[in-house]
Amino acid sequence: MSEHKKQFRLPRDLPDGRALVEEGRKLGADIKLGRSLLCQKYGVANEIEYKKKMRAEGRLMRSLNIGLNTWRGTADGLRRIHQACEERGFRVDRYQMQLDRRMGLPPELWQQAPKETGPLLETKDDWMEVSQAAPIQPQLGDMMIGSPMSVHNATRALEAGVNYVGNMSQIGWKYPGWKGTETEQMAETTKALGIMASKRADGCIFQSYLEDGYPAQFKDYCSYIGWVMVERYLITEVVGANLSIAYGGLTHDPIMKAALILAIEELTPEEVCNSFFHCNTTAQTKTVDNNYAVVSIDDLYIALAIMRSNSGAAMLSIPVTEAIRIPTWQEVVQVQTMAERTIVYAKHLQGTIDWDMFDGLKEKLLKGGRRFYDNVMNGLQELKVDLRDPLQILMSIRSMGGLEIENRWGIGELPRNAGDTYKPIFPTDTFKDYEKYRSDVRSYFSGFDGKVDQKQRVIVGSTDIHEYAMLLAVDALRELGISPVIAGTSVDPDELADLALETNAAAILVSTHNGMALTYAEHLIRELRKREIQIPVGIGGTLNQDFEGEPAPLDVTDKLADMGLVVCTQINDLLGVVGKNLPAAMNA
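Report follows, based on the coordinates. (Residues numbered from 1 in each chain as written. Predicted model: local features only at pLDDT ≥ 70, side-chain atom pairs only at ≥ 80, totals over all residues. Heavy atoms only, no water.)

**Structural notes on the nonpolar core**
Residues W71, Y95, M103, M168, I225, L365 and I405 are the most contacted members of the largest nonpolar core, which totals 146 residues. If one sorts the elements of this core by residue count, helix α8 (residues 221-239) sits on top with 13 residues. If near-sequence neighbours (up to four positions away) are discounted, W71 is found in contact with L78, Y95, M97, P119, L120, L121, D126, E129, V130 and A133. In this structure, A500, A505, M516 and I539 belong to the second largest nonpolar core, which totals 27 residues. (Core = buried A, V, L, I, M, F, W, Y, C linked by side-chain atoms within 4.5 Å. Buried < 20%, exposed > 50% of the residue type's maximum accessible area, 1.4 Å probe, protein only. Helix = DSSP H or I, 4+ residues; strand = E, 2+ residues; numbered from the N terminus. Contact = heavy atoms within 4.5 Å.)

Here it is, written out as structure tokens:
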């Protein structure tokens, strides 16, 4: 075990998690399940029945992401996608709704929180139409279970005919403007898990997309597989619900991705079909022509692995404009057309693949994953966590976070001292990419011979769960001799402003990726003015925003600059922020 550990203690007077699950089960008994248009069309009771039927017919199912500015626009996009695909001779089976994060908040807080990319379901009619807009089965994974609105959102989703409801991996998320306690949020989550357990026999499945949670922070793919085991233990054995695993967005090595899919499928019970495997997003660039190759190769290996494992999961292809903005419905149709052809080739190529090599890698991942799982279970037990109490488990892992969990219980070389880095057995693509970028950043900034005030306090934070850009900014500041104040991820504007006041900060650096750049910046400037703080603010990442009547988010770089922010399109642009804080003697 690592010698360098954070202190851990569960909150006192936690409610009993088993009682909360039972409360949820009772609530679930009164929920009448809806039936989607797709299930009606194909004569099945629910999506799991549909998946098994399609698998028996040899169909490789298809999925898509969608979440336009409004639900009206999203519903219209679904209908157009369905019609256009049918005209081209194929169909898409399911969709994953990408909702505004405010869906996890009580409606009375919606106006107080920054708008993000994606729609809100504002009325019961909106909810009910989710499964009726087109014969494409909905999955509601974002901002459902795990949020402060877990019970309400799970109930509405099930009533609407949604059978896969998530998201286990979002239990660590924060919600802008939510002032409740972590205990309250996780207690609500635990009750919602009870609701899902009550509908297990009816084909309802709790969903987890690994990269939305702690695996996105892990450095080791063995930890990924071990975490699948941790989640399955909690949801299936402790809560009594079924769990579906989705994975893929952060892995761009097609060989490793195929092996991970095989490993995940080997851990999947017979009664469950996993929801989808996701095409990579991190290898896409703003050069769209490059992205056609990324999508084609990734889809090919996903399809091969799904066929090899006889999975009931769908393949979720990502449009080539993903790195620039939220894709339009036409771009979704385009990539689904590419995927249709890729599946044809995959069936033809099955016999040419050296599956012994893939199976060998799969077994190594499973072996490492089991060691990680054992370490986590034994470690929690040593910390006096009741492993039959779901709330205690949720609160424990949420309080630690992904980095601490892997630093404690990973199977690679553990960090011994503060500042050490965990050394993985099978490094994740995210970690390898980060290491490369960090090396470049350190090389550039260590050679910087300009003037900066090394005594200034600079706050660095992320508006959402994405942390690697924030960490690169931290590295850059340290190379400049500046000790950054790290605000962390999913930081609200008022929290950044409070921290600026508390630390007498000279500047703020903000990383954002969820299509909320403009509204977040407006909120932040407003909060700083309330506190009479006038300091430079730099912002970088995905600098776009949804606007009413626009089919896709628009670039807001110029608007941010007009507001007086320093727009950082490259990491070295942060020099325009910290360089504004030179003492008079240095400026002379």
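**Re helix α17 (residues 517-530)**
Taking 1.5 Å per residue, 14 residues should reach 20 Å; α17 reaches 20 Å between its end C-alpha atoms and fits that length. All of the buried residues in α17 are A517, L518, T519, Y520, A521, H523, L524, I525, E527 and L528. Against the buried residues of α17 lie α16 (493-503), β11 (507-512), β12 (537-541), β13 (544-545) and α18 (557-562). Directly beyond the C-terminal end of α17, a positive phi value near 60 degrees is found at E532. (Expected span 1.5 Å × (residues − 1).)

**A word on the side chain of H523**
Within the element layout of this structure, H523 appears in helix α17. The residues contacting H523, other than those within four sequence positions of it, are Q112, A113, P114 and P493.

**Remarks on the pairing of strand β10 (residues 485-488)**
Of the pairings in the sheet, the one linking strand β9 (residues 458-462) to β10 comprises three bridges and is parallel in character. When the sheet's bridge partners are listed, V460 is paired in β10 with I486. Note that the unit made of β9, helix α15 (residues 468-479) and β10 has a crossover that is right-handed. (Pairing = 2+ DSSP bridges. Right-handed = clockwise from strand over helix to strand, strands pointing away.)

**Let's talk about the sheet that holds strand β3 (residues 137-139)**
Strand pairing in a sheet relies on backbone hydrogen bonds. The paired strands run either parallel or antiparallel. Reading across from one edge, β3-β2-β1-β8-β7 is the order of the five strands in this open sheet, with parallel pairing throughout. Two strands bound the open sheet, and with one partner strand each, they are β3 and β7 (276-278). Mean inter-strand twist for the sheet, computed between neighbouring axes without regard to direction, equals 30 degrees. Bridge analysis of strand β1 (residues 62-66) against strand β8 (residues 314-316) gives two bridges, and the strand direction is parallel. Bridge pairing in β8 places R62 opposite M315. Along the sheet, helix α10 (residues 288-309) makes contact with β7 and β8, crossing β8 at roughly 170 degrees. (Axes fitted to C-alpha atoms, helices over the stretch in contact; angles between N-to-C directions.)

**Quick look at the sheet that holds β10**
Spatially, five strands are ordered β10-β9-β11-β12-β15 in an open sheet, and the strand pairing comes out parallel. The sheet is open, and its two borders are formed by β10 and β15 (566-568), each paired with just one other strand. This sheet shows a mean twist of 20 degrees between the axes of neighbouring strands, independent of strand direction. Lying over the sheet, α15 contacts β9, β10 and β11, oriented at roughly 165 degrees with respect to β9. Running at roughly 155 degrees to β11, α17 makes contact with β11 and β12 of the sheet.

**Thoughts on empty space enclosed by the protein**
Scanning the entire structure with this criterion turns up two cavities of 30 Å³ or more. Roughly 130 Å³ of volume is contained in the largest cavity. Lining the largest cavity are 16 residues, with N65, I66, Q98, P327 and V332 sitting closest to its centre. At the level of secondary structure, the elements contributing two or more residues to the lining of the largest cavity comprise β1 and α11 (329-349). For the lining of the largest cavity, the leading source of residues is β1, giving three residues. Taken together, the residues of the lining of the largest cavity sort by class into 10 nonpolar, five polar and one charged. There is about 40 Å³ of room inside the second largest cavity. What lines the second largest cavity is M168, S169, I171, G213, Y214, P215, W227, E231 and I397. Partitioning the lining of the second largest cavity into residue classes produces six nonpolar, two polar and one charged. (1 Å grid on protein atoms, 1.4 Å probe; cavity = no way out; pocket = protein on both sides within 12 Å on 5 of 7 lines; lining within 4 Å. Points joined across faces, edges and corners; volume = space filled by probe spheres on them. Nonpolar A, V, L, I, M, F, W, Y, C, P; charged D, E, K, R; others polar.)

**What about unusual backbone geometry?**
Most peptide bonds take the trans configuration, and most residues that are not glycine carry a negative phi. Note that the residue after G166, namely N167, is joined by a cis bond; omega there is 10 degrees. Its location among the elements puts N167 in the loop between β4 (164-166) and α7 (182-198). Not every positive phi belongs to a glycine, and D13 is a case in point at roughly 60 degrees. The residue D13 is located in the segment before α1 (17-29) in this model. Looking at D13, the relative accessible area reads 77%, which means it is exposed. The backbone phi angle of K384 is positive, close to 70 degrees, even though this residue is not glycine. Given a relative accessible area of 70%, K384 falls into the exposed group.

From the geometry alone we can't say anything about function, so treat these as descriptive.
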